[in-house]
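# Overview (structure and organization)
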Amino acid sequence: MIGILSLHIILPMLGILALIFIPDKEKSLMKVVAIGFTLATFVVSVVMLAKFEIGPSDMQFVEYAEWIPQWGISYKIGVDGISLFLILITTLLTPLSLLSSWNSINEGHKGFLVSMLALEVGIIGVFLSMDLFLFYVFWEVMLIPMYFIIGIWGGEKRIYAAVKFIIYTMFGSLLMLVAIFWLYYLSSEQFGSPTTDLLMLYKLELPYNTQFWLFLAFTLSFAIKIPLFPFHTWLPDAHVEAPTAGSVILAGVLLKMGGYGLLRYCLPLFPEATVRLAPYLISLAVFGGIIYGALVAMVQPDMKKLIAYSSVSHMGFVVLGIFVLNQQGLQGAVIQMVNHGLSTGALFLLVGFIYERRHSRLISEYGGIAKIMPFYAATFLIVVLSSLGLPGLNGFVGEFLILVGSFKYSIFFTTFAATGVILAAVYLLWMYQRVMFGKVTNEKNSGLSDLSLREKWVIVPLIVLIVFIGIYPKPILDRIEPSVTNLLNVVQANSNGEKLKISPDVTPVSPERN
Amino acid sequence: MLGEYLPLFFLGVIVFGLIAVMLFLVRLLQPKRRSETDLEPYESGTTPTSFARTRFSVKFFIIAIIFIIFDIEVVFMYPWAVVFKELLNIGTFIFIEMLTFLGILVVGLIYVWKMGALEWD
Amino acid sequence: MIDFQIVPADFYLLLPEMVLSVGAMLLLFLELFLKGNKTVQQWTAFAIFVVALSLLLSQESSGATGFGMMVRSDLFGQFISAVVLIGGGLTVLLGKEYLVSREWHRGEYYSLLLFASVGMLFMVRGLDLLVIFLGLELLSISLYILVGYFRDRLFSNEAALKYLLLGAFASGFLLYGIAYTYGSYGTTNLNEIRTMGSPESMTFHWIGLSLILVGFSFKVALVPFHMWLPDVYQGAPTPVTGFMATTTKAAAFAAMLRILFYGFPADIAEWMPLFWFLSAVTMTVGNVIALQQSNLKRMLAYSAIAHAGYLMIGVTVGTETGAAGMLFYLLGYLFMNIGAFAVVQYFEGKDETRLDFESYAGLAKKHPLISLAMTLFMFALAGFPLTVGFTGKFYIFTTAINQGFVWLIVIAVLNSLISVYYYLRVVIYMYMKPLEEEIEFSPMELPAKVALTVCVYAVLHLGVLPGNFITLAREAVSAIF
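Note that this is a predicted model, so its numbers are computed, not measured.

## Some remarks on the overall build of chain A
Across its full length, chain A carries 20 helices and two strands. A compact globule built from 514 residues should have a C-alpha radius of gyration of about 24 Å, and chain A, at 22 Å, falls within 12% of that. Projected onto its principal axes, the C-alpha positions of chain A cover 70 × 55 × 40 Å. Within chain A, the proportion of its 514 residues that are buried is 60%. In chain A, once contacts between residues fewer than 6 apart in sequence are set aside, the share between residues at least 24 apart is 80%.

Structure below.
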């Protein structure tokens, strides 16, 4: 019997299969089929959300099947509060991004749609895997469709960007692979037979020295994905060159795989190393991520690049939230990942809309758009405000929680991290002002049409969610909380005397109580 | 165990020593004159008539190779014939084995023949 | 003096080899007496491979020896022999189109493939150093001719001559090593050497074993004995290159494993540092030089060197699982590489001008399926998951980590990263560059299509569901430990 989680993987695969048999000429049919299958996946994930039990902290809907018993490898998937919303946002963004690129892909429709569906399979697989081998397989397989999406349907420097993307990511993930081998070996030494079952691996007893190296290998891989400061240079290139749909998925979901990896693998597998190395990662996240990303974003002439660097900054918050290692920080990190997926995904979609009309992403090409495209300007404003963390919109919830958590950890870092919020306001609002307000300086812009019905359909669901989460985040936080508490307990119990600064037993803070 | 090879070692020493001594003696005793004739290749006393590096028709090579192959194979039959009597317990086997061997040779011969390698023109 | 009996079981043991040899001679006759369309030869050769394979697989693999312990029928031999025969069969299917387009389609091609396969089977199943040597010679001589198959092409001639000279050199080393081994043990039989345990002369033993290893290092092209390989791979007809790169590597590694692990089990640990070094240097040199190649065949040639380095990790580890990993990888490598060469040969054109990366520009639009297959093979060679390239590497690398070779694996993994770059270049050109010139390729013929499909299927099957084959490889190596 196929479980609800396997359906998430199987449905897009069926979609790929269906697409293969549609003749090349039937372009609309192909699009409808692809969107249909992704929507079906979304429906399935909503059903999963409805069935998800609040309270238990362990994995739900677990499915298990033997895969390669000779190696102790199994097909084991499950979902908990941490991955639940990341899956939802994946299944939501995929059909939206497909819908957004209805007209923008000019050749090779089939290949594009197949790549997008394969990408969805890979990403969902990463979030679902409860087996290290399975996780790695999805982690790598996901690279290939993204590589093609950037490389074939991208902009001018697409090949450079695609190669950079894949080489950077492979570099990290191959070192992680060595670490996986090592864990695999340790498991066979401690349990008698090798296994890659994640829950079993959590029980490994690792000396600090080993933890240190393994933690570094895993973190490097995730840091490249997130991306953290010295490893971030692939991101602007990939974002700028990727087609809109690719950018949306890249920023909306792909980067979260890094944060998710930290939560699911680094923290519980190597608790002692996590606690000891957390200060370094926090300072990297604050200075290399939040502040550096914001400062660089400020001077970008290209809208996509600006959003790309803003991602570096926002994902810095996620890393900060993770490594302060307390309830608020972790909860904030998870919800910040979801929020960032929504708002940055929406930003890329909006930039994509205008790019389709004008074929330029340069801020200087625009000005006074608000008068020509009022609906567009309004949605853009909401998304920008959400992204810079205006209270009442979703971005605020995550950043607030993270800063609260961080405040408990260190006032020093919190002070600097908070400037990131201010800087975000600066670069985003400045961009908004230059693009939307003032006189229509560029003649070419005067004839632009406002959003079409299709485009509204793409953007409105995101706006609704942005507002909803901003006003009433409790349902989400309730579902995240047990898993996060459990995670903190695991880290605390296994950190070998390295005390966490804040006891995890503190009751969670919800923003509306403050 | 290596001691068994000691005589062999001495033989080697003697051989190389003798060569060295003889070469040295020749150097020592030979007359110190050099003429043009000394540098010419030795052609049984007659003057060489043409350049040494002339090209032969490839046919010679083919014939030579084929000859070597079939000639050497025949050599294999001698030891076989010599020990045949001692191996009578598996006699039938080695008899058939030799027939197989010859059969393979015949296949080769037919192939070579049919391909025209034995024709001069 | 002679203390063995020949029983019918001995012949039964050698049935695959006999079928292949008789078939090879039969093909020579067919070539002489059947003129005109040579499709008959192709199908005959294929049938012979199939018959030999089924005979091989139907044999009992209990470790029975035959002909006075000259050959041994065990699972290990069976596994690699099957690799060889499958490789031979695929090469038969792929060869015709290539040779027909160059007006060189002759029965000798198939005959020589069969002879080479016989040689490899003897290498793999031989239990006596001399039998292994004879097998190697039979293989090498057939290959010399196959490499120089286009006798009116300068490239092919050069390759054949280089291969002949260095191959003869390698054979010399090997034979010399065997002689020394005989000097120190008084026998060339691996079984006797194994039971004897310690040699009479340690010096001769060391010299002998190192010379044997040098001989095999030439054959599998470990750095610093790799110089011949790129030129030979480039000059040889492409199907032959694919055949050489996969089956010969499998057979030579298998013979090496049998000699080392079965004959000299005590030496592995002592030689480990050397193997470690050879492995690291081989993969690094292979990958780094492959980066700079613009010719696809040369690129694949250097990548073959790199893969020899990966495989050497299995020898370095020196355990049963290490060897099992090698067998599994060799099986997978067969399909990835023959598949890749099959695509190369399809695109290279009659005059072999379309071998550089540039000529692959935009091919995906005109030949989506073949490009997809090539992409799969490239990803497999680079070691991406869900292909056999990943499962094979996973197998070898995990065993190495289990034995504590962390740095070797770090080197190997970084090498894989380098290889990603040049393998993906092919994909870049096929998918991301515009089509430069309109060239009509005649559609692929059915046999070649079948071979390509088999390769694609096998690469995926071994990548997704490797379970049974892992068990098989494990059982196979237990025969030589």
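## Notes on the overall build of chain B
Within chain B, the regular secondary structure consists of four helices and zero strands. Moving toward the C terminus, one meets the helices and strands of chain B in the order α-α-α-α. The C-alpha radius of gyration of chain B comes to 26 Å, more than 25% above the 14 Å expected for a compact globule of 121 residues. Dimensions of chain B along its principal axes, counting C-alpha atoms only, are 70 × 60 × 20 Å. Counting all 121 residues of chain B, 0% fall into the buried class.

## Section: the interface of chain A and chain C
Facing the 28 residues of chain A at the interface are 24 residues of chain C. Elements represented by at least two residues in the side of chain A that touches chain C include exactly helix H5 (132-141), helix H6 (143-153) and helix H7 (158-191) of chain A. The dominant element in the side of chain A that touches chain C, judged by the number of residues it contributes, is H7 of chain A, at 16 residues. Classifying every residue of the side of chain A that touches chain C by side-chain character gives 23 nonpolar, three polar and two charged.

## Considerations on the nonpolar core
Leu320 of chain A together with Ala251, Leu327 and Phe377 of chain C are the most contacted members of the largest nonpolar core, which has 385 residues in total. Element by element, the count of residues in this core is highest for helix H14 (residues 320-347) of chain C, at 20 residues.

## A look at the packing of helix H16 (residues 368-382) of chain C against helix H19 (residues 446-464) of chain C
Residues and elements named next belong to chain C. Packing of H16 against H19 brings their axes to within 10 Å, and their N-to-C directions diverge by 40°. The orientation of H16 with respect to H19, classified from their angle, is oblique. Where H16 crosses over H19, the handedness of that crossing is left-handed. Residue-level contacts link Ala373, Leu376, Phe377 and Ala380 of H16 to Leu452, Val456 and Val459 of H19.

## Notes on the domain arrangement of chain B
We note that the domain assignment places domain 1 (1-32) and domain 2 (59-121) within chain B. Summarising the inter-unit geometry, the C-alpha centres of domain 1 of chain B and domain 2 of chain B are found 41 Å apart.

## Brief notes about helix H14 (residues 327-358) of chain A
All names here are of chain A. In this model H14 runs 46 Å from its N-terminal to its C-terminal C-alpha over 32 residues, within 8% of the 46 Å that 1.5 Å per residue would give. Of all 32 residues making up H14, 28 are buried, and the element is well covered by its neighbours. Once H14 finishes, His359 follows within two positions and takes phi at roughly 55°, a positive value.

## What about the pairing of strand S1 (residues 62-66) of chain C?
Residues and elements named next belong to chain C. Alignment of S1 against strand S2 (residues 71-74), held across four bridges, turns out to be antiparallel. Its bridge partner lying in S2, Gly66 is registered against Val71. As consecutive antiparallel partners, S1 and S2 are separated by four residues, and within that stretch Phe67 has a phi angle of approximately 50°, a positive value.

## Observations regarding helix H4 (residues 91-114) of chain B
The end-to-end C-alpha distance of H4 of chain B is 34 Å, a good match for the 34 Å that 24 residues give at a rise of 1.5 Å each. In the stretch just after H4 of chain B, Gly116 of chain B is the one whose phi turns positive, near 85°.

Conventions we followed
Residues numbered from 1 in each chain as written. Chains lettered and ligands numbered in written order. Predicted model: local features only at pLDDT ≥ 70, side-chain atom pairs only at ≥ 80, totals over all residues. Helix = DSSP H or I, 4+ residues; strand = E, 2+ residues; numbered from the N terminus. Rg over C-alpha atoms; globule rule 2.2 N^0.38 Å. Buried ≥ 20, exposed ≤ 12 C-beta atoms within 10 Å, placed from the backbone. Contact = placed C-beta atoms within 7 Å. Nonpolar A, V, L, I, M, F, W, Y, C, P; charged D, E, K, R; others polar. Core = buried A, V, L, I, M, F, W, Y, C linked by C-beta atoms within 7 Å. Axes fitted to C-alpha atoms, helices over the stretch in contact; angles between N-to-C directions. Parallel < 35°, antiparallel > 145°, perpendicular 65-115°, else oblique. Left-handed = near helix turned anticlockwise from the far one by under 90°. Domains from an automatic or database assignment. Expected span 1.5 Å × (residues − 1). Pairing = 2+ DSSP bridges.

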